[in-house]
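Below, each chain spelled out in residue letters.
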Amino acid sequence: KQEVTQIPAALSVPEGENLVLNCSFTDSAIYNLQWFRQDPGKGLTSLLLIQSSQREQTSGRLNASLDKSSGRSTLYIAASQPGDSATYLCAVRDNNAGNMLTFGGGTRLMVKP
Amino acid sequence: DTAVSQTPKYLVTQMGNDKSIKCEQNLGHDTMYWYKQDSKKFLKIMFSYNNKELIINETVPNRFSPKSPDKAHLNLHINSLELGDSAVYFCASSRHGSGFADTQYFGPGTRLTVL
């Protein structure tokens, strides 16, 4: 059974810092991995999706990497801003039916002005 | 333009009642999902559904049932509500289902409180 872990659970940084969020998964037979952002009281917004054959994806100040064999992904946020404050969720899709995602517990990020 | 919408946003009810949460997507997607986020903020899949197959997470009690009147809607019915059902329920959709690597788009969530 797939298990997804995110470290750290919470992170507080001053504005402008570069930071890395970590995600690990136990079963490397994944189809893809997706990073989401969740704001308090809101739904999830997809940030980046990495296919199992890819090593990284970039969108603006965000860069996500994937090392499938070791069961790890990182989300790199450059030049963090207070507006980046949110919970970041990592989710993997296994090679199974239904396109269903298994989520990590999230990293709660606070960027202080 | 709301891509995936859910109603109600908040639902407070008594134990033992039967309730429904509605979900609609205007993205023309084929597959819809229901997720549950518990008090510890863990998100878990409950159902994946398109017009060809319903995939149920084995941990979901049979008191929960998805109902789809058409491709754009997937409602969640819950019978005999229990205290442990209190959570935030998220609906999501994707263009395709099994065999495709699509992004899933999420609704804003419905916070269910069972008293």
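That block above? That's the structure.
All of these numbers come straight from a predicted model, not from anything done at the bench.

**Comments concerning the sheet that holds strand β8 (residues 75–78) of chain B**
Residue and element names in this part refer to chain B.
Right, on to step 1. Read across the sheet, four strands follow the order β1-β3-β8-β7 without closing on themselves; strand pairing throughout is antiparallel. Whereas interior strands pair on both sides, the edge strands pair on one side only; in this sheet they are β1 (4–7) and β7 (64–67). For this sheet the average axis-to-axis angle between neighbouring strands, irrespective of direction, equals 20 degrees.
Right, on to step 2. Taken together, the three bridges between strand β3 (residues 19–25) and β8 define a ladder with antiparallel strand orientation. Paired with Ile 21 across the two strands is Leu 76, which belongs to β8.

**Focus: the pairing of strand β2 (residues 10–13) of chain B**
One face of the sheet, then the other: side chains in a regular strand alternate in exactly this way.
Residues and elements named next belong to chain B.
Right, on to step 1. Across the two faces of β2 the burial differs, with Leu 11 and Thr 13 buried and Tyr 10 and Val 12 not buried at all.
Right, on to step 2. Pairing analysis gives four bridges linking β2 to strand β11 (residues 110–114), with the strands arranged parallel. In the sheet register, Val 12 faces β11, and the bridge partner there is Thr 113.

**Quick word on the sheet that holds strand β1 (residues 4–7) of chain A**
In sheet architecture, strand pairing relies on hydrogen bonds along the backbone and comes in two forms, parallel and antiparallel.
Residue and element names in this part refer to chain A.
Right, on to step 1. If you trace the five strands from one edge of the open sheet to the other, you get β1-β3-β8-β7-β6, paired in antiparallel fashion. Edge strands, defined here as strands with exactly one partner in the open sheet, are β1 and β6 (56–59). With strand direction ignored, the average angle separating the axes of adjacent strands in the sheet is 15 degrees.
Right, on to step 2. Here β6 runs beside strand β7 (residues 62–67); their pairing, made up of four bridges, is antiparallel. The residue bridging Ser 59 from the neighbouring strand is Leu 62, located in β7.

**Quick word on the state of the cysteines**
Right, on to step 1. According to the stated counting rule, one finds two disulfides over all chains in the structure shown.
Right, on to step 2. Residue pairing for Cys23(A): its cysteine sulfur links by disulfide to Cys90(A), the two sulfurs lying 2.0 Å apart. On the sign convention where negative is left-handed, the bridge of Cys23(A) and Cys90(A), at about -60 degrees about the S-S bond, is left-handed. Linking Cys23(A) in strand β3 (residues 19–25) with Cys90(A) in strand β9 (residues 86–94), this pair joins segments that are 67 residues apart in sequence.
Right, on to step 3. By relative accessible area, Cys23(A) is classed as buried at 3%.
Right, on to step 4. Here Cys90(A) falls in the buried class, since its relative accessible area comes to 0%.
Right, on to step 5. Bridging Cys23(B) to Cys91(B), the disulfide has an S-S length of 1.8 Å. Judged by the sign of its S-S torsion, about -75 degrees, the bond between Cys23(B) and Cys91(B) is left-handed.

What counts and what doesn't
- Residues numbered from 1 in each chain as written.
- Chains lettered and ligands numbered in written order.
- Predicted model: local features only at pLDDT ≥ 70, side-chain atom pairs only at ≥ 80, totals over all residues.
- Heavy atoms only, no water.
- Pairing = 2+ DSSP bridges.
- Helix = DSSP H or I, 4+ residues; strand = E, 2+ residues; numbered from the N terminus.
- Axes fitted to C-alpha atoms, helices over the stretch in contact; angles between N-to-C directions.
- Buried < 20%, exposed > 50% of the residue type's maximum accessible area, 1.4 Å probe, protein only.
- Disulfide = S-S within 2.5 Å.

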